[in-house]
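# Overview (structure and organization)
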Amino acid sequence: MSEFDDLLAANAEYAARFSGSDLSGRAARGLAVVTCMDSRIDPLGLLGLAPGDAKILRNAGARVTDDVLRTLVLAVYLLGVERVLVMPHTDCGMSKVTDADVHALTQEQGVDTRSLEFHTVPDQQAALRHDLTRIRTTPFFPHPLPVGGAIYDVRTGQLHPVEL
Ligand SMILES: [Zn+2]
């Protein structure tokens, strides 16, 4: 018995139905999506994508961090990515707290997280525009690399373009 037995059981059923895949690791639709870890977001489903179509990068708040940039560079040069969509969402937990709030919360448990930057989002539109600019101005991509931003509404399923 482990904490993961449910997952192993589900995978056994999945693998039993799996017909094998001849997909490569390249993004068939030439797309990378940067989105949040929020469990309400189904990136493939909401964009009409299937496995094999796109690289999906997820973190708290859909922020373009150094590691996201690193991954996008690899995705562009090695894995067929030719366009990037940055897609935060409504009702994001990252827009409801500040870094200071999180540090205070962990401090209550005796844990010091001040060496971490959480990249919380006080202004979602401003953060998205900042992150789009970060991708557009990085010197590491060939130009032009189409970069777009849109906010996903977790209540309606609609995508609202910010810069597309
Ligand atoms: Zn979120």
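This report concerns the structure included in the present document. (Residues numbered from 1 in each chain as written. Predicted model: local features only at pLDDT ≥ 70, side-chain atom pairs only at ≥ 80, totals over all residues. Heavy atoms only, no water.)

Let's shift gears to the overall build of the protein. Within the protein one finds five helices and five strands. Moving toward the C terminus, one meets the helices and strands of the protein in the order α-β-α-β-α-β-α-α-β-β. When the backbone C-alpha atoms are referred to their principal axes, the protein occupies close to 50 × 50 × 30 Å. A burial count over the protein gives 37% of its 164 residues as buried. A separation of at least 24 residues holds for 66% of the contacts in the protein among residues at least 6 apart in sequence. Working note: accessible area of the protein is about 10,000 Å², and carbon and sulfur atoms make up 56% of it. The centroid of the 15 positive side-chain charges in the protein is displaced by 7 Å from the centroid of its 21 negative side-chain charges. (Helix = DSSP H or I, 4+ residues; strand = E, 2+ residues; numbered from the N terminus. Buried < 20%, exposed > 50% of the residue type's maximum accessible area, 1.4 Å probe, protein only. Contact = heavy atoms within 4.5 Å. Areas by Shrake-Rupley, 256 points an atom, 1.4 Å probe, with all protein chains shown as cover. Lys, Arg positive; Asp, Glu negative; His and termini not counted. Charge placed at Lys NZ, Arg CZ, Asp CG, Glu CD.)

For the rest of this paragraph, the subject is the sheet that holds strand 4 (residues 147–152). What the five strands build is an open sheet, ordered 2-1-3-4-5; its pairing is mixed. One side of each edge strand has no neighbouring strand; the edge strands of this open sheet are strand 2 (54–59) and strand 5 (159–163). Between one strand and the next, the sheet's axes are offset by a mean angle of 25°, whatever the strand orientation. Strand direction decides the pairing type here: strand 3 (residues 83–87) and strand 4, joined by three bridges, are parallel. Bridge assignment links valine 86 to a residue of strand 4, and that residue is glycine 149. Lying on the sheet, helix 3 (residues 66–78) is in contact with strand 1 (31–36), strand 2 and strand 3; it crosses strand 2 at an angle near 175°. (Pairing = 2+ DSSP bridges. Axes fitted to C-alpha atoms, helices over the stretch in contact; angles between N-to-C directions.)

Another aspect to go through is the pattern of salt bridges. All told, the structure shown has eleven salt bridges when counted by the stated rule. A salt bridge links glutamate 163 to arginine 136, with the shortest nitrogen-to-oxygen separation between them at 2.7 Å. With a gap of 27 residues between them, glutamate 163 in strand 5 and arginine 136 in helix 5 (residues 124–137) connect regions that are remote in the sequence. Connected via shared salt-bridge partners are Asp38, Arg40, Asp91, Lys96 and Arg155. (Salt bridge = Lys/Arg side-chain N within 4 Å of Asp/Glu carboxyl O.)

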